[in-house]
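In case you want the letters, here they are:
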Amino acid sequence: MHNLTLSELAAGLRSQQFSSVELTQAFLSRIHQHQDLNAFISVSEDTALQQAQAADQLIAGGNAGPLAGIPIAQKDIFCTLGVKTSCGSKMLDNFIAPYNATVVEHFNQAGAVMLGKLNMDEFAMGSSNENSFYGPVRNPWATDSVPGGSSGGSAAAVAARLAPAVTGTDTGGSIRQPAAFCGITGLKPTYGRVSRYGMIAYASSLDQGGPMARSAEDAALLLQTMAGFDTKDSTSVDQPVPNYSAGLNDSLQGLKIGLPKQFFSAGLDNQMAATIQAAIEEYRKLGAEIQEVDMPNLELAIPAYYVIASAECSSNLSRYDGVRFGYRCQNPQDLADLYTRSRGEAFGAEVKRRILMGTYALSAGYYDAYYLKAQQVRRLISDDFKRALSGVDVLMGPVTPGTAFRIGEKTDDPIQMYLEDIYTIAINLAGLPAMSIPAGFIDGKPVGLQVIGNYFSEAKLLNVGHRYQQATDWHLQVPKGFE
Amino acid sequence: MSLSASDVKKIAHLARLGIDEQQIEHYAKDLSSMLDLMTQMGQTNTDGVVPMAHPLDQMQRLRDDVVSETDQRDHFQTIAPQTEAGLYLVPKVID
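Residues numbered from 1 in each chain as written. Chains lettered and ligands numbered in written order. Predicted model: local features only at pLDDT ≥ 70, side-chain atom pairs only at ≥ 80, totals over all residues. Heavy atoms only, no water.

Student: An account of the overall build of chain B is requested, with residue identities and associated values reported.
Tutor: When helices and strands are tallied, chain B shows 3 helices and 2 strands. Counting helices and strands in the order they occur from the N terminus, chain B gives α-α-α-β-β. The globule rule puts the C-alpha radius of gyration for 95 residues at 12 Å, and the 22 Å found for chain B is more than 25% above it. On the principal axes, the C-alpha backbone points of chain B span a range of 55 × 45 × 25 Å. Within chain B, buried positions represent 31% of all 95 residues. A fraction of 31% describes how many contacts in chain B between residues 6 or more apart in sequence connect residues 24 or more apart. (Helix = DSSP H or I, 4+ residues; strand = E, 2+ residues; numbered from the N terminus. Rg over C-alpha atoms; globule rule 2.2 N^0.38 Å. Buried < 20%, exposed > 50% of the residue type's maximum accessible area, 1.4 Å probe, protein only. Contact = heavy atoms within 4.5 Å.)

Student: Run through the overall build of chain A, naming residues and quoting values.
Tutor: When helices and strands are tallied, chain A shows 15 helices and 11 strands. In terms of overall dimensions, chain A is globule-like: its C-alpha atoms have a radius of gyration of 21 Å, near the 23 Å expected for 483 residues. Across its three principal directions, the C-alpha atoms of chain A cover 65 × 55 × 45 Å. Every one of the 483 residues in chain A was classed for burial, and the buried ones make up 66%. Considering only intrachain contacts with a sequence separation of at least 6, the fraction spanning at least 24 residues in chain A is 76%. On chain A, roughly 15,400 Å² of surface is accessible, and the fraction owed to carbon and sulfur atoms is 47%. Distance between charge centroids for chain A: 2 Å, based on 37 positive and 47 negative side chains. (Areas by Shrake-Rupley, 256 points an atom, 1.4 Å probe, with all protein chains shown as cover. Lys, Arg positive; Asp, Glu negative; His and termini not counted. Charge placed at Lys NZ, Arg CZ, Asp CG, Glu CD.)

Student: Would you mind going over the packing of helix 4 (residues 102–109) of chain A against helix 7 (residues 216–226) of chain A in detail, with residue names and values included?
Tutor: Residues and elements named next belong to chain A. Running from N to C, helix 4 and helix 7 point in directions that differ by 110°, and their axes come no closer than 8 Å. By the angle between their directions, the pair helix 4 and helix 7 is classed as roughly perpendicular. Contact with helix 4, carried on its side by Val103, His106 and Phe107, involves Leu222, Thr225 and Met226 of helix 7 and no other residues of that element. For the contact of helix 4 with helix 7, the class distribution of residues is 4 nonpolar, 2 polar and no charged. (Axes fitted to C-alpha atoms, helices over the stretch in contact; angles between N-to-C directions. Parallel < 35°, antiparallel > 145°, perpendicular 65-115°, else oblique. Nonpolar A, V, L, I, M, F, W, Y, C, P; charged D, E, K, R; others polar.)

Student: Before we move on, can you summarise the environment of Pro446 of chain A with the specific residues and values?
Tutor: Residues and elements named next belong to chain A. Along the chain, Pro446 falls in strand 11 (residues 445–453). For Pro446 and Ala364, which are 82 residues apart along the polypeptide, the C-alpha to C-alpha distance reads 46 Å. With residues up to four places along the chain from it excluded, the contact list for Pro446 reads Trp141, Ala180, Phe181, Cys182, Gly183, Thr403, Gly440 and Phe441.

Student: Describe the packing of helix 8 (residues 270–285) of chain A against helix 15 (residues 458–471) of chain A, and please don't skip the residues or the numbers.
Tutor: Residues and elements named next belong to chain A. One way to put it is that helix 8 packs onto helix 15 with a least axis distance of 11 Å and a crossing angle of 95°. In this view, helix 8 runs roughly perpendicular relative to helix 15, as classed from their interaxial angle. Between helix 8, through Ala279, Glu282 and Tyr283, and helix 15, the contact on the second element is made entirely by Val464, Gly465, Tyr468 and Ala471. The class makeup of the residues in the contact of helix 8 with helix 15 is 5 nonpolar, 1 polar and 1 charged.

Student: Any details on helix 8 of chain A? Residues and values, ideally.
Tutor: Residue and element names in this part refer to chain A. For helix 8, spanning 16 residues, the distance from its first C-alpha to its last is 23 Å, which sits close to the expected 22 Å at 1.5 Å a residue. For helix 8, the full list of buried residues reads Met272, Ala273, Thr275, Ile276, Ala279, Ile280, Glu282 and Tyr283. Each element contacted by the buried residues of helix 8 is listed here: strand 7 (256–260), strand 8 (289–293), strand 9 (394–398), strand 10 (434–442), strand 11 and helix 15. Gly287 sits one or two residues past helix 8 and shows a positive phi near 105°. (Expected span 1.5 Å × (residues − 1).)

Student: Requested: an account of the interface of chain A and chain B, with residues and values cited.
Tutor: With 67 residues of chain A at the contact, the number on the chain B side is 47 residues. In total, about 5,100 Å² of surface goes out of reach between chain A and chain B, with carbon and sulfur atoms giving 69% of it. At the boundary of chain A with chain B, the tally comes to 1 salt bridge. The shortest N-O distance in the salt bridge between Asp30 of chain B and Arg353 of chain A comes to 2.9 Å. For the interface between chain A and chain B, the tally reads 19 residue pairs in polar contact (both at pLDDT 80 or more). Mapped by element, the contributors of at least two residues to the side of chain A that touches chain B are helix 9 (301–316), helix 10 (335–346), helix 11 (349–362), helix 12 (368–391), helix 13 (414–418) and helix 14 (425–430) of chain A. With 11 residues, the single largest contributor to the side of chain A that touches chain B is helix 12 of chain A. Partitioning the side of chain A that touches chain B into residue classes produces 37 nonpolar, 18 polar and 12 charged. (Buried area = accessible area lost by both parts, 1.4 Å probe. Salt bridge = Lys/Arg side-chain N within 4 Å of Asp/Glu carboxyl O. Polar contact = N/O pair within 3.5 Å; in protein donor to acceptor, adjacent residues only side chain to side chain.)

Student: Help me get a handle on the side chain of Lys84 of chain A, residues and values and all.
Tutor: Residue and element names in this part refer to chain A. Examined against the element boundaries, Lys84 turns out to sit in the loop between strand 2 (71–75) and helix 4. Only 2.8 Å separates the side chain of Lys84 from the side chain of Asp93, close enough to count as a polar contact. Side chain to side chain, Lys84 and Tyr134 meet in a polar contact 3.2 Å long. Among all residues touching Lys84, those that are not within four sequence positions of it are Ile41, Ser42, Asp76, Leu92, Asp93, Phe95, Ile96, Lys117 and Tyr134.

Student: Account for the nonpolar core, with residues named and values stated.
Tutor: Residue and element names in this part refer to chain A. Counting residues in hydrophobic clusters, the biggest one holds 169 residues, and the most contacted among them are Phe123, Tyr283, Phe385, Met396 and Leu462. For this core, the leading source of residues is helix 9, giving 10 residues. Counting contributing residues per domain, this core is built from domain 1 (6–254 + 393–476) and domain 2 (299–374), each supplying no fewer than three. Setting aside chain neighbours within four positions, we find Met396 in contact with Ile257, Gly258, Leu259, Pro260, Phe263, Phe264, Ile280, Tyr283, Leu449, Gln450, Val451 and Val464. Core analysis: the second largest hydrophobic core is formed by 5 residues, Val146, Phe181, Ala404 and Phe405 among them. (Core = buried A, V, L, I, M, F, W, Y, C linked by side-chain atoms within 4.5 Å. Domains from an automatic or database assignment.)

Student: Explain a nonpolar patch on the surface to me, using residue names and the numbers behind them.
Tutor: Where nonpolar side chains cluster on the molecular surface, the patch consists of Val90, Val93 and Ile94 of chain B and spans about 300 Å² of accessible area. Its location among the elements puts Val93 of chain B in the segment after strand 2 (87–88). (Patch = residues over 30% accessible without salt bridge, like charges linked within 9 Å, V, L, I, M, F, W, Y side chains within 5 Å.)

Student: I'd love a proper account of helix 11 of chain A, names of residues and values included.
Tutor: Given a rise of 1.5 Å per residue, 14 residues ought to cover 20 Å, and the 20 Å separating the end C-alpha atoms of helix 11 of chain A matches this to within 8%. Burial within helix 11 of chain A is extensive, with 12 of its 14 residues counted as buried. Where helix 11 of chain A is buried, its residues contact helix 9, helix 10, helix 12 and helix 13 of chain A together with helix 1 (5–14) and helix 2 (24–38) of chain B.

Student: Requested: an account of the domain arrangement of chain A, with residues and values cited.
Tutor: Residue and element names in this part refer to chain A. Taken domain by domain, chain A comprises domain 1 (6–254 + 393–476) and domain 2 (299–374). Inter-centroid distance (C-alpha atoms) of domain 1 to domain 2 is 27 Å. Counting from both sides, the interface comprises 28 residues of domain 1 and, opposite them, 26 residues of domain 2. Roughly 2,400 Å² of surface becomes buried between domain 1 and domain 2 when both sides are summed, with 67% attributable to carbon and sulfur atoms. Per-residue buried area on domain 1 facing domain 2 is highest for Met91, Tyr202 and Tyr418; these three make up 29% of the total on that side. Scanning the region where domain 1 abuts domain 2 turns up 0 salt bridges. In this structure, the connection of domain 1 to domain 2 is made through 11 residue pairs in polar contact (both at pLDDT 80 or more). Going through the elements one at a time, helix 13 and helix 14 are the ones with two or more residues in the side of domain 1 that touches domain 2.

Student: How would you explain the environment of His475 of chain A if you had to name every residue and give the values?
Tutor: Considering the arrangement of structural elements, one finds His475 of chain A in the segment after helix 15. For His475 of chain A, the contacting residues outside a window of four places in its chain are Arg214, Ser215, Pro438 and Gln469 of chain A.

Okay, structure coming up:
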């Protein structure tokens with residue numbers, strides 16, 4: 001059952017080949033069997049089985065939607081009523097949210113079953129999942145290696161068939177980079193497409209939730225449930241949600257693909273370049289036309305991102321003060337000691353670095369030189385994308401400079417870790433949708449191809465991904481020991 | 001651009017963030033390399049470029065000024081570290 005697609009699972013449930021309870025039990029038992037991957041922070045066995053029973057009744061009633069009775073899992077950044085939401089941090093190790101995130105509500109309304117909450121870098125800050133208070137996640141393709149981050153538990157769980165599909169969030173590449181490292185399909189939607197209500201904030205002008213699944217076809221079903229305008233999110237965009245599955249099979253004849261030349265410059269590993277070129281060749285066979293595009297400001301994306309993300313993080317994380325919820329230090333001497341020690345004892349090193357950086361960038365006398373400058377550079381980068389996308393349908397390139405690195409390999413140098421996101425970060429600054437799809441292997445480790453589209457072109461991206469997945473079988477490969 | 005240990009202490013104080021004394025030099029070094037990375041932006045001319053806050057340049061939505069939330073104080077306080085009589089307790093601020 002664990003190798004079936006979402007549509008196959010839905011059909012199996014309707015034809016009573018198996019019940020949602022049986023399906024849920026099968027995935028729960030795989031989660032227990034592969035605990036050493038450390039993909040989950042919480043497994044919500046009891047509520048999952050209750051949801052499955054309810055779904056079985058709904059399906060028997062004959063009016064259930066496509067996700068009814070299907071087990072999924074949530075990144076532990078989405079607030080879930082009654083189930084711990086830690087955000088990968090000691091700060092929220094005792095936090096049971098008093099409400100559900102909008103995304104979680106959407107899945108509940110669809111009758112989906114939540115298996116549990118997935119491991120992640122603390123407050124979504126990281127590219128390797130090594131910054132989690134709950135320990136690193138292992139990559140199913142090479143268990144000495146990282147799954148990527150920050151949605152590392154999400155990607156590992158899908159690759160290892162511990163859940164058929166899951167949610168992730170992407171602030172600078174946190175859906176696409178782990179999807180690439182684990183050989184799955186991950187889509188970061190347009191900023192404002194998926195509600196951020198109840199999705200714990202890191203950098204509010206960049207954060208966006210999205211689907212992570214084994215194929216573009218499955219991701220389309222998931223996004224259908226996640227997307228939509230939400231009055232509870234002040235940056236949500238009021239745009240109709242199209243049918244993401246309707247155009248999956250549309251022909252790619254005449255599709256114009258732009259290759260940003262800055263993506264294929266000296267920094268790109270030879271084997272990675274060859275694998276990406278081979279994937280683009282496949283698109284040529286499917287009828288696409290390829291052209292080079294120039295995006296001169298792309299190299300400024302990393303500095304601009306780390307100013308904006310750190311500044312917004314320092315502001316967002318000021319709410320964790322040990323007063324109303326979350327961690328509180330023992331025996332505070334006074335109020336300042338309560339704040340300082342609660343935060344000092346409960347935040348990890350990377351979160352502290354970014355809070356310090358952001359506080360500095362926003363402090364009196366430095367605002368113009370850093371935050372304002374970064375927001376101007378952000379506009380220049382966004383304009384580069386607008387220009388490039390005015391002449392082509394999608395942009396393509398690598399997701400990552402290399403494949404999954406070993407656990408511990410890059411933890412000593414934060415800057416090295418930041419450079420991991422060199423191909424993904426600019427997309428968040430522009431607020432565009434982008435997807436990672438499996439496109440090959442280097443030394444047994446998966447490679448992701450990045451497909452970037454114009455605002456609200458998620459359906460086109462999924463179509464572009466699906467047609468490639470009809471012509472190739474990279475996305476069907478299963479890591480050894482998880483068949 | 002480099003930050004000293006005393007700069008880091010000052011920033012940590014502004015952020016009300018406790019940092020181990022022996023870690024301060026370490027943070028000073030990391031933050032200095034982050035700043036080096038960020039100064040790359042300085043070479044780009046951004047005169048007259050409008051800062052971008054929302055990717056779609058959307059304005060803050062407004063709503064009618066009516067009550068939309070119910071009182072859930074007891075519910076919210078079940079997860080608070082320390083409460084009494086419906087109040088959140090913190091160490092004494094005024095003697």
